[in-house]
Every structure is written in C-alpha cells, then in structure tokens.
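In case you want the letters, here they are:
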Amino acid sequence: MSFRSRGAMRVWRARNVRTSGDRGYLTYMVVMVGLVAVAPVARAVWLSAASADGVALLGSAAAPGVTVLVVATLWAGALLIGRERGPALLPPFLTHALATSDMARSDAFRGPVLRAGALVTAATTLFAVLVAGSLMSHGLVDLLSVVTFTVIGTMTGVITTVAWLAGQSFPRAAVPVALGLIGLGVASASVPALQPFVPWGWVGIAYPGSGSPHAVAALFAVTVAAVVTVPVLMTRLSLAELASQATRWDAATVHATGMDFNTAAAVYQGRPRLGRRIRAVRPMGRMSGTFLLRDAIGAARAPGRLIAAVLALVCAGALITFAFAPATPGWLLGAAAGLVAFAGLGPLTDGVRHAASVASDFPLYGISDEHLLANHLLFPLAVTVVVLLAAVCVCSVAAGIGAGAPILSSLALGTLTLSARISNALKGPLPPVLLTPIPTPMGDLGAASRMAWAMDALLLTALAGAATAMMFHAPALLTGVSVTLLAVGINRWRHRG
C-alpha cells in the first residue's frame, strides 16, 4: 500500500470515528426532532390518508395509473438530481483525499451512498405503508397486500438510489434518459396495456387490491440487477465531478445555515450557454415590449431551467384542477400547487430579482424603480397565465371537471405566487433584530422566528394555494392571505435598501 493510500485510509478511518458523547448528543437531537416535529406531521398525514376522502382517492380506479406516473417521474428526477448533487458526496477535503488515493471508489464513498440510499428507501417504504395501510384500515385490502406493496416500496427506493447514482456517474446522458422516462411514464399511465412491459408499470400492477406476484418477481430481478451495477457506477465517478459537487454543496450548506436560501439556490444555477450571440436588448416601439423580449431571450438561454419552470407550472395547474374534484382533499392539493408554482416561477423571475437588487440605488435605465419592476413582471406574468390556463383546461376536460372554478382559482394562485416572488426578492439580508434571543418557559423561540422569516414566502404560498382551492367556501381566508402578501410586499418596497 502506498503512502498516499495509507494516508487516505487514515483519513477515512478518522472520518468514521465518533465519540460516545457525539453519538449521545446526536441521538438526543434526533429523538427530540422526531417528537416535536416529525410525529405531529406524520399523525396529520395518516389521519388525512385514512379519512373517507383520502381512502376514496387512494382506492379509486385511477390510483394505479397515477402510481405508475409518479414512479417514472421519481426515477427521472433522481437522474436529474444526480447531475447536480449525487449520493456519493463528502466534504471537499475528504473528497480530494479519498478520490486521489489508491482506494477504490466503491470503498471510499460507500458510506455516503448507503446513508443516502437508506433515507430514500425509508421514504418510499413509508409512503407505500401509508397507502396500503389506509386502504386496509377500511377493509379494502388484506394484510398480504399491505406486505407486498411495502416490499414494492422498498425496491422502488433501492432503484431510485441507483438511478440517483447513475445521474452522478453519467451527467450528460441523464437528461435524455430522464426525458425518455417521463415520456414512457405518461404513455404507460395512459395506456394500461403497456404497463406489463416497463418496470414502473409493475409498481402499478402490484398496487394494493390488484397485486400480481409476477410483477413483484420481475421488479425484484430489476432491483438485484441495479444493485449489482453500483460498484461499476461508482468506478465511473470522476475526480472533477466529485470535487465540483462537493464544493457546491458545501457552499450551499453554508448559505442555508445562515438562512440565505436564495443564495444557496443560486449556487446550483447553471450559466447560460445557448443563444449568447443573440441580442437580447432590442429597442422597440414600446419599452414594455423591449423588456418582455429581453426577459424571454434571457430565459431561453437556459433551456433546462425554462423547461423545468414550465413543467412545474403545468403540475401546479393540474393540482389546482384536481383540488375541485369530488372526494379529494382540496386544501392539500391547493397548498401543494402553491409550493410547486412558487418553485416554477424561480427561473422566470430573474428580471424581477435584478429589478429588486438595483431598486435601492440610483436609476440605471432612465426610468423609475416602479416602472423597472413592472416591466420585468410582464414575462413571468404572461408565461404563468398562459401555462396555468392551458393546463387547467386540458386537465378539466380529461377529468370531466367544470373548468370555471379551476380557471379562476389558477389565476388567483398565479397572481399571489408572483406577489410572493416579488416580496421574496425584496427581502434582503437577515435583520439583526431577529438575532436577539426570545426566552420563554418552552425555550428560546429566536430560532423559530428566524426560520419563519427565512421561509415566509413558502409558508404564504402554501397558504395561498389552500385558500385559492377553497375560495368559494372560505373567501375570507383568500382575502386575508392576499392582504398579508400585499402588506408585506409594500412594506419591503418602502424600506428597500
């Protein structure tokens, strides 16, 4: 064994050494977080899934087809995420020390891959238990179906982990393969005759109440084959890719720890490469047209981000449409639609963030700050309205739901989500006053106030989505959320800079 290899081995052993005090503290923190945060949320999710509306949704005839689409999307998303942040990840120093040594990649990075795989597999297994257990609680399936679908969930998590690692090992091939998975997933979900021929279709065939032992055996064979390829995939990991991912993740973690989530997300924002020679700023008859064309060309220079934004808005439109379907938890689907729409508007509001960043300084373009912000709002507003309306109309026709209420709700959701994006762009750094401790009999609430400040946009958009889904039953909630977003945005605009 060479000197470099022995040094890397010592580093690897030191990394895996944990004192009893550290383990005790970590165990204490995990238990407390589980009791305070995870347990109430898990109970709420179980009560919602086991309710009459939840069981009607999970036991519907369309549930297996939706499961097929969800699994295909999950595996495609794992491939895409692996391009940016794979499971074989260590701090930058350890990455360089282990990757440049004589140790095999499968030995050096086995620990983080196993930990990441355990988390993903646990999540998919718990989701399968939730679905099958809620159906069994109403006597729709037996215990054998629950156990079978639980095993299916575990195998789905293992395959997801391998797909995640494959995206890290083959970043260039991940995009076309992921797009192909999504296309085939949509086709197999729409045409049930195709499901016996694709692995994600086997998950739908094994859905509780319609389980097939042949599908379970076939998926087990795919899982074993995927696990066998793990050492080969880890051998393909390049030093440059490992170092790049480790550096970016370390920077994003530092910013996220400081409650600067916008900068943390910007770490993973790729540089525009296409259309760099196309002139973006072209004088037109109206200044609004100039800004609209400029933002459109700027977004097209990063086609990946633009496609992801459009797909997210399509998903938000579908969610808000199904929120008006009978026997569905409308508030929950609406909240999910708000979060997805907020995420989708991120790549479309680069101009809004630019306008917010220069609004506190002298005018740069010969127009007021208000006009600059209004002009940069045209492109995201136009894309949001067009995509949401198209998605709502298509989903309404396909599901046989009246389009009037979803259209009004989607327009309100788009407006409120865009307002949340403006408010979030004007937020600025963490106010020093929030660093003051807030002692109470229950402990220091200062951390809770800082977390609420950092995630106020997500909380408000989730609440706005739920309010728009219930706008005809609880108009006061929608009014309150709208007034709150407007007041927060105006206050931040007046105190900008």
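All values derive from a computational prediction rather than experimental measurement.

(A) Focus on the side chain of T223. When you line up the elements, T223 lands in helix α11 (residues 213-228). In contact with T223, other than residues within four places in its own chain, are M155, V158 and I159.

(B) Expanded view of the packing of helix α21 (residues 404-425) against helix α23 (residues 456-469). The geometry of α21 relative to α23 is characterised by a closest axis approach of 9 Å and an angle of 170 degrees between their N-to-C directions. By the criterion of interaxial angle, the relationship of α21 to α23 is roughly antiparallel. In this structure, α21 meets α23 at a crossing whose hand is right-handed. Taken together, the residues of α23 that come into contact with α21 (itself represented by S409, A412, L413, L416, T417, A420 and N424) are D456, A457, T461, A464, G465, T468 and A469. By residue class, the composition of the contact of α21 with α23 is seven nonpolar, six polar and one charged.

(C) Just the environment of W164, in detail. Note that W164 resides in helix α8 (residues 143-169). Among the residues examined, W164 registers a relative accessible area of 14% and is labelled buried. Note: C-alpha distance between W164 and G117 (47 residues apart in sequence) is 9.2 Å. In this view, W164 contacts A78, I81, G82, R85, G86, P87, A116 and V120; residues no more than four positions away in its chain are not counted.

(D) How the structure looks around the pattern of salt bridges. By the definition in use, this model includes eight salt bridges. Here D107 ties to R110 by a salt bridge, and the two come within 3.1 Å at their closest N and O atoms. Exposure remark for D107: the relative accessible area of 36% places this residue in the partly exposed category. Taking relative accessible area as the criterion, R110 reaches 37% and is therefore assigned partly exposed. A network of salt bridges, in which partner residues are shared, links R83, E84 and R248.

(E) Representation of the side chain of T468 in the model. Inspection of the secondary structure assignment puts T468 in helix α23. Polar side-chain contacts of T468 include one of 2.8 Å to the backbone oxygen of G465.

(F) Expanded view of the packing of aromatic side chains. Taken as a whole and judged by the stated rule, the model has three aromatic pairs. On the numbers, 6.4 Å between centres and 75 degrees between planes, the contact of W75 with W200 is edge-to-face. Here W75 is found in helix α4 (residues 63-84), whereas its partner W200 is found in helix α10 (residues 199-205), with 125 residues between them in sequence. Residue class for W200 comes out buried when judged on its relative accessible area of 6%. When the ring of F149 is compared with that of Y207, the centres are 5.5 Å apart and the planes differ by 70 degrees; the resulting orientation is edge-to-face. Taken together, the positions of F149 in helix α8 and Y207 in the loop between α10 and α11 put the pair 58 residues apart, joining distant regions of the chain. Here F149 matches Y207 in class, with each residue buried. When the ring centre of W249 is taken as origin, the NZ or CZ atom of R85, which lies over that ring, is 4.4 Å away.

(G) Highlighting the confidence of the model for the chain. Mean pLDDT over the chain stands at 81; residues scoring 70 or higher make up 83%. The secondary structure element of the chain with the lowest average pLDDT is helix α1 (residues 3-15), at 52, and the one with the highest is α8, at 91. The low-confidence segment residues 17-23 (pLDDT under 50) makes one contact with residues lying over four places distant or belonging to another chain.

(H) Inspection of helix α18 (residues 350-358) at higher detail. Within the sequence span of α18, burial applies to G351, V352, A355, A356 and V358. Elements that come into contact with the buried residues of α18 comprise α15 (287-300), α19 (369-376), α20 (378-399) and α21.

(I) Geometry of the environment of V392. With respect to the element layout, V392 can be found in helix α20. For V392, a relative accessible area of 0% gives the class buried. It is 5.8 Å that separates the C-alpha atoms of V392 and T321, two residues lying 71 residues apart in sequence. Beyond its immediate chain neighbours, meaning those up to four positions away, V392 contacts G317, I320, T321, P406, I407 and S410.

(J) Summary view of a nonpolar patch on the surface. Together, L381, V385, L408, L411 and F472 line one region of the surface with nonpolar side chains, adding up to about 400 Å² of accessible area. Its place among the elements puts F472 in the loop between α23 and α24 (475-494).

(K) Structural view of the nonpolar core. F109, I152 and W200 are the most contacted members of the largest nonpolar core, which has 53 residues in total. When residues of this core are traced back to their parent elements, those giving at least two are α4, α5 (92-99), α7 (110-137), α8, α9 (171-190), α10, α11 and α12 (230-235). Here the element with the most residues in this core is α8; it accounts for 10 residues. For W200, the residues in contact, after removing those within four places along its chain, are V68, V71, A72, W75, L181, L184, G185 and S188. Counting residues in each nonpolar core, the second largest holds 33 residues, with A299, F379, V387 and A469 among its members.

Here is what the cut-offs are and how they apply
- Residues numbered from 1 in each chain as written.
- Predicted model: local features only at pLDDT ≥ 70, side-chain atom pairs only at ≥ 80, totals over all residues.
- Heavy atoms only, no water.
- Helix = DSSP H or I, 4+ residues; strand = E, 2+ residues; numbered from the N terminus.
- Contact = heavy atoms within 4.5 Å.
- Axes fitted to C-alpha atoms, helices over the stretch in contact; angles between N-to-C directions.
- Parallel < 35°, antiparallel > 145°, perpendicular 65-115°, else oblique.
- Left-handed = near helix turned anticlockwise from the far one by under 90°.
- Nonpolar A, V, L, I, M, F, W, Y, C, P; charged D, E, K, R; others polar.
- Buried < 20%, exposed > 50% of the residue type's maximum accessible area, 1.4 Å probe, protein only.
- Salt bridge = Lys/Arg side-chain N within 4 Å of Asp/Glu carboxyl O.
- Polar contact = N/O pair within 3.5 Å; in protein donor to acceptor, adjacent residues only side chain to side chain.
- Phe/Tyr/Trp six-rings, centres within 6.5 Å; stacked < 30°, edge-to-face > 60°.
- Lys NZ or Arg CZ within 6 Å of the ring centre and 35° of its normal.
- pLDDT = per-residue confidence, 0-100.
- Patch = residues over 30% accessible without salt bridge, like charges linked within 9 Å, V, L, I, M, F, W, Y side chains within 5 Å.
- Areas by Shrake-Rupley, 256 points an atom, 1.4 Å probe, with all protein chains shown as cover.
- Core = buried A, V, L, I, M, F, W, Y, C linked by side-chain atoms within 4.5 Å.

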